[in-house]
Amino acid sequence: MAVPSHYAAAMSMLTPPGLGGKYRITGNKYPRMRRGRRRGRIVLAVVASAAVVGLLGWGSLQLVNVFTGGEASAAGAGRDCAVTPGTGKAGPGSAGAAGAGASPSPAMTLPKPKQVTVNVLNATTRSGLAKKTADELKKRGFTIGDVGNATPEYDKKVKGTGLLLGPPSTMDTAIPLLGTQLVGAEKKADDRKGKSVDLIIGDGFKGLASEAAAAQALRTLTHPTPAPSPSRSC
């Protein structure tokens, strides 16, 4: 339908400045003004709101864990992991507390040095070692028996630092105690009578362990430290 001329003239006066060409209002054509769409802004606002809500929820969860001991519970759950034999890997279903309290070896109950009679014998070609070693052991509280050269069975045949020799009953008593005084000594049982033990000096002998080192070795035997717990990742 044609637009009357007086309406066309009125609309031409309402044409906004700068709108020319096809957007200029004429007698039979005029623009329809609409607001631009804001979907992009709305989407960004929704995403930002979701991110803020997520961060607030995560922070609240962390606070709850701190005040309720959630991390301690997770650590306790780790104690239910087991180490699969032969693999070294942790798996579910073990009593981890038992492993944490285990010792590398049972604590030993050893005699006092004065309760141990030591025969100091020299199996090397160096003279004077037996007496010097016996005097030092005596200072450290041991009871000294025979002092001299080794028997033909061992003379010049001990290549290490020494050999600790005694009856089977001394393998868990006097021999370990004497072993704290001589690092690297070999231990061996024989069929002798009595409870005395032999310290046979070998070619690698350079002296007894220091008193501090011997004391530390004795503490390790009588008060072993707990073995470290195996790592778990289950």
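Residues numbered from 1 in each chain as written. Predicted model: local features only at pLDDT ≥ 70, side-chain atom pairs only at ≥ 80, totals over all residues. Heavy atoms only, no water.

As annotated in an unreviewed UniProt entry, the chain is Membrane protein from Streptomyces sulfonofaciens.

Colleague: What is the right way to read the overall build of the chain from this model?
Modeller: Looking only at helices and strands, the chain has seven helices and seven strands in total. Put simply, the chain runs from its N terminus to its C terminus through helices and strands in the order α-α-α-β-β-α-β-α-β-β-α-β-β-α. Sorting the 234 residues of the chain into buried and exposed places 26% on the buried side. Within the chain, contacts between residues separated by at least 24 positions form 69% of all contacts whose residues are at least 6 apart in sequence. In the form shown here, the chain has an accessible surface area of approximately 16200 Å², with 59% of it arising from carbon and sulfur atoms. (Helix = DSSP H or I, 4+ residues; strand = E, 2+ residues; numbered from the N terminus. Buried < 20%, exposed > 50% of the residue type's maximum accessible area, 1.4 Å probe, protein only. Contact = heavy atoms within 4.5 Å. Areas by Shrake-Rupley, 256 points an atom, 1.4 Å probe, with all protein chains shown as cover.)

Colleague: Just checking my understanding: could you explain the nonpolar core for this structure?
Modeller: Grouped burial of nonpolar side chains is what soluble globular proteins tend to show. Counting 21 residues, the largest nonpolar core has V118, L137, L178 and L199 as its most contacted members. Those residues in contact with L199, other than ones at most four positions away along the chain, are V118, N119, V120, L121, L137, L163, L164, L178 and L182. Residues L121, Y154, L165 and I200 belong to the second largest nonpolar core, which totals eight residues. (Core = buried A, V, L, I, M, F, W, Y, C linked by side-chain atoms within 4.5 Å.)

Colleague: Quick question: what am I supposed to make of the side chain of R192 here?
Modeller: When you line up the elements, R192 lands in the loop between β6 (186–189) and β7 (197–201). A polar contact of 2.9 Å, which involves the side chain of R192, links it to the side chain of D190. Leaving out residues up to four positions away in the same chain, R192 has contacts with N119, L165, G166, P167, V197 and D198. (Polar contact = N/O pair within 3.5 Å; in protein donor to acceptor, adjacent residues only side chain to side chain.)

Colleague: Looking at this model, I keep getting lost on the environment of K187. Mind explaining?
Modeller: Tracing the sequence through the fold places K187 in strand β6. By relative accessible area, which is 47% here, K187 ends up partly exposed. Once the C-alpha coordinates of K187 and G166 are considered, the two residues, 21 residues apart in sequence, prove to be 8.4 Å apart. Once residues within four sequence positions are removed from consideration, K187 is found in contact with L164, I175 and G179.

Colleague: I'm lost on the pairing of strand β5 (residues 162–166) in this one. Help?
Modeller: Regular strands have side chains that alternate between both faces of the sheet. The element β5 is largely enclosed, with a buried count of five among its five residues. Side chains of β5 alternate between two faces, with G162, L164 and G166 and L163 and L165 buried alike. Examined bridge by bridge, β5 and β7 share four bridges and lie antiparallel to one another. Note that in β7 the partner of G162 across the bridge is I201. Taken together, the four bridges between β5 and β6 define a ladder with parallel strand orientation. Bridge pairing in β6 links L164 to K187. The β-α-β motif built from β5, the intervening helix α6 (residues 174–179) and the parallel element β6 has right-handed crossover chirality. (Pairing = 2+ DSSP bridges. Right-handed = clockwise from strand over helix to strand, strands pointing away.)

Colleague: What exactly am I supposed to notice about the side chain of N119 here?
Modeller: By secondary structure assignment, the location of N119 is in strand β3 (residues 117–122). By relative accessible area, which is 10% here, N119 ends up buried. A polar atom in the side chain of N119 sits 2.8 Å from the backbone nitrogen of D146. Polar side-chain contacts of N119 include one of 2.8 Å to the side chain of D198. In contact with N119, other than residues within four places in its own chain, are G145, D146, R192, S196, V197, D198 and L199.

Colleague: What is the right way to read the pairing of β3 from this model?
Modeller: The buried fraction of β3 amounts to five of the six residues, a majority that puts the element mostly inside the structure. Here five bridges tie β3 to strand β4 (residues 143–149), and the two strands are oriented parallel to one another. Residue pairing across strands places L121 opposite G148, the latter belonging to β4. Handedness of the β-α-β unit built from β3, helix α5 (residues 129–139) and β4 comes out right-handed. Note: β3 against β7, five bridges, orientation parallel. Directly across from V120, in β7, lies its bridge partner L199.

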